[in-house]
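# Chain and residue survey
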Amino acid sequence: MNVSSKKFIGLPVNTDVLGLSKGFEESELVDAKCLLINMPIREQARPNNAPLGLCLLASRLKEFKVEVDILDLNSYRVMDEVAEQKNLENGRILSELEAENKIRGFTDHTDYDLIALSGLITTLKWQKKVLNILHKLAPSSYKISGGGLATEFREDLLNWMPDLDGIAHSEGDDVILKIARDAKIIRNSRKMTESMLKDVVFPEKTTILNGKLYTIYGGGRPKDLDALPFPDWDILTQDPNNKDILENYINTPIWGKEAKNSSATSFSMKRSINTVSSRGCPFACKFCFRGAQGERNYGIRSPENLFCEMKHYVERYGIDFLGYVDDNFAVSRKRIFELEKLISNWTTENGLIWGTHARLDEAADIKNCTNGVLELNEPLRVNSMYNAGCRYIGFGAESASPRMLELMGKGGSMLKYGVQNVFGFDVPRTMTVGIKNTVEAGIHANCTWIMGYPGETLADLQATVAFIKWQEEVLMASYEENSTRYKLASEAINKNMFVATAYPGTEMFNDQSVKKALFDGFGIQYINGKPKCDSGLERYVEQLNDATDLIYTDDGSLLQYSEMADSLFLEIREIISSGNIFDILEL
């Protein structure tokens, strides 16, 4: 590519708003220096999902001759007395001083034009710590926050992180090029002025807070997901502090018992890596925030592109399992059937199996219902997925109570075909048919669950537990009793539950009972339907971690939204932790 001969015009989708019709030379990006930093999350588990988003951005930047490094703070775990005291068998995350030393390993050797912080909404506390470190170690670098946290709070995030120079929201594949180019210009000019922003930099918009000028960048969906380069996983081996980061990820199962997450499997994997097959989500579950991954703008990669990536990973990294971590692999029947034809026996011949996430109504594949008799589509999605090498599907079932599914915004097709009685509780037929189809296809079906959603009663929760018990019996019946696979399958029934967590930006966060609980617990106020980004909301967001964690209010009270008393709620949590979840049916 001749980088000096082209114009790069029309990066994000809202081109006219951004003024990108002005264009800029690709050569303006050459030799820009960028550091992308991934934040620590989920201390209780081994880091098992490599930072896909940042590695995708790195590949994109490198296409335009940008010098890129990634510091993955989440990849580090420390085994010491502190870890032992906290019962962290895989080690603790870094301390702030240790993180500073890791950052120094980069900033002492490179004067970066751009340093971009990335992470979910649960990383606010860590982003603030890292920004404080960067203020000392890289004072002249252009500092941007992107990803889920920035996408949710936009410029309001600047109230909590004033040392930033700006934020970038939504998908970053294209707009990261614009940001890197601007960072290089601003660094060379040594000062950002309003006239420079108007005539040279032209971000989506600017804002002034406490006398400081900030930039706001809006990302958007690339025109063709297939045209994007594959993630640059090899960049993880360039960390001067640890050259084994990539191998550590590959050798840690994405899902399964060893992964210490909710995604149990009935088989093991030795070398695995993560990717996505789609962006965005066409559905509208009330508890879910999709801002950083395309909102409800659903887009998919082609089967040819997926197959090419499979081959690349097998050849380069010797993987035996590929995990598609997006939630909606099975939306398109057409793509599934095309992938099956394309792959044929390739996965079997090359020792690769794969897994993904989907919805139970897609696995049920119900065509219609006449006089209570279900007619299924032929061929079934799950049969085709099995033939293409799929051996795991994670289903975000959330609840088996029809009433709760309606409240969660997951009713619709899940309840369209009625209910059946399971151990005295009515559960959706779509869910039972979806599980049966998946198991009979030879694919492990893993369900994840939420307890404590607004309005949930003990009876609602018991319906979920009854379904888990039914699922165990259906799954176990497909294996020879006392066989190795029987034992693995028995252990692989997910009997844990997430706690319903109200994330800003979700419909759940605006539920009246949630708003009252948040006001009573943290003093969080709403203005024109949006939470005020003050210290109360900041304290709340800083408590957000893994969704298995309980949250406590400013006065130490339990924060939960169900109709169950706190004492009963905590008793149920203890029962789940003990591994005796079916005891809940006796309450």
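Since the model is a prediction, treat every value here as computed from it, not as a measurement.

### What to know about the environment of Phe 283
Inspection of the secondary structure assignment puts Phe 283 in the loop between strand E9 (278-279) and strand E10 (299-300). For Phe 283, a relative accessible area of 26% gives the class partly exposed. Sequence separation between Phe 283 and Asn 297 is 14 residues; the distance between their C-alpha atoms is 9.8 Å.

### So, helix H5 (residues 124-137)
With 14 residues, H5 extends 20 Å from end C-alpha to end C-alpha; this agrees with the ideal 20 Å at 1.5 Å per step. Buried within H5 we find Leu 124, Trp 126, Gln 127, Val 130, Leu 131, Ile 133, Leu 134 and Leu 137. Where H5 is buried, its residues touch strand E1 (33-38), helix H4 (96-107), strand E3 (114-118), strand E4 (142-146), helix H6 (148-153) and helix H20 (535-543).

### Here's the deal with the pairing of strand E13 (residues 366-370)
Of the strand pairs in this sheet, E13 and strand E14 (residues 373-376) are connected by four bridges, and their pairing is antiparallel. Considered in E14, the bridge of Thr 370 is made with Val 373. Between E13 and E14, which pair antiparallel and follow one another directly, the connecting turn spans two residues, one of which, Asn 371, has a positive phi of 55°.

### Structural notes on the packing of H4 against H5
Running from amino to carboxyl end, H4 crosses H5 at an angle of 50°, the nearest separation of the two axes being 10 Å. For the element pair H4 / H5, the angle class is oblique. For the element pair H4 and H5, the recorded crossing hand is right-handed. On the side of H4, the interface is formed by Glu 96, Ala 99, Glu 100, Ile 103, Arg 104 and Thr 107, while H5 contributes Trp 126, Lys 129, Val 130, Asn 132, Ile 133, Leu 134, Lys 136 and Leu 137.

### What to know about the pattern of salt bridges
Summed over the entire model, instances satisfying the criterion amount to 33 salt bridges. Here Glu 171 makes a salt bridge to Arg 279, at a shortest N to O gap of 2.8 Å. Note that Glu 171 is positioned in the loop between strand E5 (166-169) and helix H7 (175-189) and Arg 279 in strand E9, a separation of 108 residues in sequence. Of the two residues, Glu 171 and Arg 279, neither departs from the other in class, the shared state being buried. For the salt bridge of Asp 361 with Arg 359, the shortest nitrogen-to-oxygen distance reads 3.1 Å. Residue Asp 361 is classed as buried on the basis of its relative accessible area of 17%. Here the salt bridges share partners, and the residues they tie into one network are Glu 28, Lys 178, Arg 181 and Asp 182.

### Some thoughts on the sheet that holds E3
Spatially, seven strands are ordered E2-E1-E3-E4-E5-E7-E6 in an open sheet, and the strand pairing comes out mixed. Whereas interior strands pair on both sides, the edge strands pair on one side only; in this sheet they are strand E2 (67-72) and strand E6 (205-209). Within this sheet the neighbouring strands show an average axis-to-axis angle of 25°, counted without direction. The pairing of E1 with E2 spans six bridges and is classified as parallel. Residue pairing in the sheet places Cys 34 in a bridge with Val 68 of E2. Packing of H4 onto the sheet brings it into contact with E1 and E2, and relative to E2 it is tilted by some 170°. Sheet contacts for H5: E1, E3 and E4; angle to E3, the most-contacted strand, approximately 165°.

### Observations regarding the sheet that holds strand E11 (residues 321-324)
If you walk across this open sheet you meet the six strands as E8-E11-E12-E15-E18-E19, and the pairing is parallel. Of all the strands in the sheet, just strand E8 (272-275) and strand E19 (498-499) have a single pairing partner and so form its edges. Strand direction decides the pairing type here: strand E15 (residues 390-398) and strand E18 (residues 444-451), joined by five bridges, are parallel. Following the sheet pairing, Ile 393 is matched in E18 by Ala 445. Strands E15 and E18 of the sheet are contacted by helix H16 (residues 429-441), whose axis makes an angle of about 150° with E18.

### Describing the confidence of the model for the chain
Across the chain, the average pLDDT comes to 89, with 89% of residues at or above 70. Scored below 50 in pLDDT, residues 1-22 shows 55 contacts in the model against residues more than four places distant or in partner chains.

### What about helix H17 (residues 458-476)?
The terminal C-alpha atoms of H17, which comprises 19 residues, lie 27 Å apart, in line with the 27 Å expected from a rise of 1.5 Å per residue. Burial of H17 is extensive: 15 of the 19 residues sit out of reach of the surface.

### So, the side chain of Glu 309
Mapped onto the elements, Glu 309 comes out in helix H10 (residues 303-317). Look past the residues within four positions of Glu 309 in its chain and what remains in contact with it is Phe 230, Pro 231, Thr 275 and Arg 301.

Calculation criteria
Residues numbered from 1 in each chain as written. Predicted model: local features only at pLDDT ≥ 70, side-chain atom pairs only at ≥ 80, totals over all residues. Heavy atoms only, no water. Helix = DSSP H or I, 4+ residues; strand = E, 2+ residues; numbered from the N terminus. Buried < 20%, exposed > 50% of the residue type's maximum accessible area, 1.4 Å probe, protein only. Expected span 1.5 Å × (residues − 1). Contact = heavy atoms within 4.5 Å. Pairing = 2+ DSSP bridges. Axes fitted to C-alpha atoms, helices over the stretch in contact; angles between N-to-C directions. Parallel < 35°, antiparallel > 145°, perpendicular 65-115°, else oblique. Left-handed = near helix turned anticlockwise from the far one by under 90°. Salt bridge = Lys/Arg side-chain N within 4 Å of Asp/Glu carboxyl O. pLDDT = per-residue confidence, 0-100.

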